[in-house]
Every structure is written in C-alpha cells, then in structure tokens.
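Below are the chains, spelled out letter by letter.
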Amino acid sequence: MSLRFWIAVLLLSAAAVVLHVRPNADRNPPTNPLAQFPETVAGYSGADQVIDQDTLDVLGSGEFLSRIYTTSSPTPPVSLFIGYFPTQRTGQTIHSPKHCLPGSGWTFESSKYVTLTDAANKPHRVGEYIIGNGYQKDFVIYWYEAHGRSVADEYMAKLYLVADAIRMNRTDGALVRVITPVVPGETIADAKARAEAFTGKAAPLLPRFVPD
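So, a few notes on the structure that sits alongside this text. Please read these numbers as outputs of a predicted model, since none were measured by experiment.

Describing a nonpolar patch on the surface
- A contiguous nonpolar patch, built from Met 156, Leu 159 and Tyr 160 and spanning about 250 Å² of accessible area, is present on the exposed surface.
- On the secondary structure map, Leu 159 appears in helix α4 (residues 154-167).

Written out as structure tokens, the structure is:
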C-alpha cells in the first residue's frame, strides 16, 4: 500500500484519539444559517436544490447548502455546495470531494492544487478537478474551510483538525465546492475562468456562515 494511504490512516487514528479523549470540549462561535447565504453572487441568481435523503445520510450530521446560480444571459450555470459541520467529535468528519461529486459514470481526468485570490485579496488554497462523463465535462473547485484557513488537501485538513481540537477546542469546519459545465463551443479554460471568477466573489462571504 502507498505511503499516502498509511499517512491517512495515522491522521485518522490521531483524530479519533484526540476527539475521544476530549469529547465535550467544542467551542462553537455564533454563525448564520447557510440558508441565508446570498442568493445573488457575481451577477448570478441562485435557486436552492433539494438534497435527497440518501445523500444526506452519507454526508452525516451538519448543515448543507446546494444551489444553482444562473444569469439571464446564455452563460452556463455555476453550482455551489457548502457543507458545514459544527463538530467533528462524533466520528463524523468532512468527506473528500471525491465522495461528494457525481458518482455513476464520472471519472477524474485531472486534478491539481492552486492558490486562488478572492475579491477581498485573500488567498485560498484550493483543489481544481476536471471530471468527465462521456462527452460531458465539468470544472470543479473545492476546498476545506475552517477557522479562517483554506486547505485543499484532505490529509492536511485532518492534521489541522487535530491541532485545532487541542489548541482551540474547535472541530467545526466546512467543505466548499463550485462546479460549472464545459459546454459545447467553449474550452476548459473558459469554464475555469468562470468558476474562478464566481469563487472569487463567493469566498469573502463565507465567514458569516463558516466562522473564523
């Protein structure tokens, strides 16, 4: 088995030990419900999507927002998903985006970590995926947000989870994911620019819903 696998096992084990030893230590700053996340972002208007019960069962105990943002022009839509977990001490931790993205028939064609600077000039470390299903392709941006920190790598997110549980008595955090389709007549670069522009406007809004 790979070194990455064993690192993941060690991190998960460490997280389980720490969260078990201090099971009732969470400190949760006040926050606004995700339902109040702005319905207009970067010129797009949002419409909430129903999350089916099977998906909610997989996601676990948390608060979730799934919204499709569109414009009046032919510009392709942008999908925003935010999953916020007030605590991760119950054994329920944030899933990797690979588990949350569309399942049947979808494959990951490329992935990398990049630094994206938002409209407030704050840098965010994010992951970028291109996923495909037959002739359809989507461009995906995701990251883990916790305590004012943006992390792309799931193993680093687990490491910070353990550290913050010890030093801050906090295990809250969120997964943020933005998806837009690569439509006929445009390039992957076009979809990437659209996703990054939307993310740049949406990211500064997060602290009202995912506390620093």
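Looking at the packing of aromatic side chains
- This model, assessed by the stated rule, comprises eight aromatic pairs.
- Between Phe 37 and Phe 209, the ring centres sit 5.3 Å apart and the planes meet at 50°, which makes this aromatic pair tilted. Here Phe 209 lies in the segment after α5 (188-202) and Phe 37 lies in the loop between α1 (3-21) and β1 (40-41), a separation of 172 residues in the sequence.
- For Phe 209, a relative accessible area of 1% gives the class buried.
- Their ring planes at 90° and their centres at 5.7 Å tell us that Tyr 44 and Phe 198 sit as a pair that is edge-to-face. Pair noted here: Tyr 44 is in strand β2 (residues 44-48) and Phe 198 is in helix α5, with a separation of 154 residues, a long-range link.
- Overall, the relative accessible area of 1% leaves Phe 198 in the buried class.
- Grouped by ring-pair contacts, the aromatic residues Phe 108, Tyr 129, Tyr 142 and Tyr 144 constitute a single cluster.

Here's the deal with the pairing of strand β4 (residues 78-85)
- When you tally the buried positions in β4, you get eight out of eight residues, the bulk of the element.
- Residues Val 78, Leu 80, Ile 82 and Tyr 84 point to one face of β4 and Ser 79, Phe 81, Gly 83 and Phe 85 to the other, with burial holding for every one of them.
- Bridge count between strand β3 (residues 63-70) and β4: seven bridges; the pairing is antiparallel. Across the sheet, the residue bridging to Ile 68 is Ser 79, located in β4.
- In this structure, β4 lies alongside strand β9 (residues 173-182), joined through seven bridges in antiparallel fashion. Opposite Tyr 84, over in β9, you have Ala 174 as the bridge partner.

Quick notes on the nonpolar core
- Counting residues in hydrophobic clusters, the biggest one holds 29 residues, and the most contacted among them are Phe 37, Leu 80, Ile 82, Ile 141 and Phe 198.
- Elements with a minimum of two residues in this core: β3, β4, β5 (107-117), β6 (123-133), β7 (136-146), β9 and α5.
- Residue contacts for Phe 198: discarding those within four places in its chain leaves Val 41, Tyr 44, Tyr 69, Val 78, Leu 80 and Val 178.
- One finds Phe 81, Phe 85, Val 140 and Ile 179 within the second-largest nonpolar core, a separate group that totals 15 residues.

Quick notes on α4
- Compared with an ideal rise of 1.5 Å per residue, which puts 14 residues at 20 Å, α4 spans 20 Å between its outermost C-alpha atoms and is within 8% of the ideal.
- Listing the buried residues of α4 in full gives Tyr 155, Ala 157, Lys 158, Leu 161, Val 162, Asp 164 and Ala 165.
- At the N-terminal end of α4, a side-chain oxygen is found 2.9 Å from the backbone nitrogen of Tyr 155, two or three residues along, and the residue is Asp 153.
- Note on α4: the residue one or two positions beyond its end, Asn 169, has a positive phi of about 55°.

Reading guide: rules and limits
- Residues numbered from 1 in each chain as written.
- Predicted model: local features only at pLDDT ≥ 70, side-chain atom pairs only at ≥ 80, totals over all residues.
- Heavy atoms only, no water.
- Patch = residues over 30% accessible without salt bridge, like charges linked within 9 Å, V, L, I, M, F, W, Y side chains within 5 Å.
- Areas by Shrake-Rupley, 256 points an atom, 1.4 Å probe, with all protein chains shown as cover.
- Salt bridge = Lys/Arg side-chain N within 4 Å of Asp/Glu carboxyl O.
- Helix = DSSP H or I, 4+ residues; strand = E, 2+ residues; numbered from the N terminus.
- Phe/Tyr/Trp six-rings, centres within 6.5 Å; stacked < 30°, edge-to-face > 60°.
- Buried < 20%, exposed > 50% of the residue type's maximum accessible area, 1.4 Å probe, protein only.
- Pairing = 2+ DSSP bridges.
- Core = buried A, V, L, I, M, F, W, Y, C linked by side-chain atoms within 4.5 Å.
- Contact = heavy atoms within 4.5 Å.
- Expected span 1.5 Å × (residues − 1).
- Polar contact = N/O pair within 3.5 Å; in protein donor to acceptor, adjacent residues only side chain to side chain.

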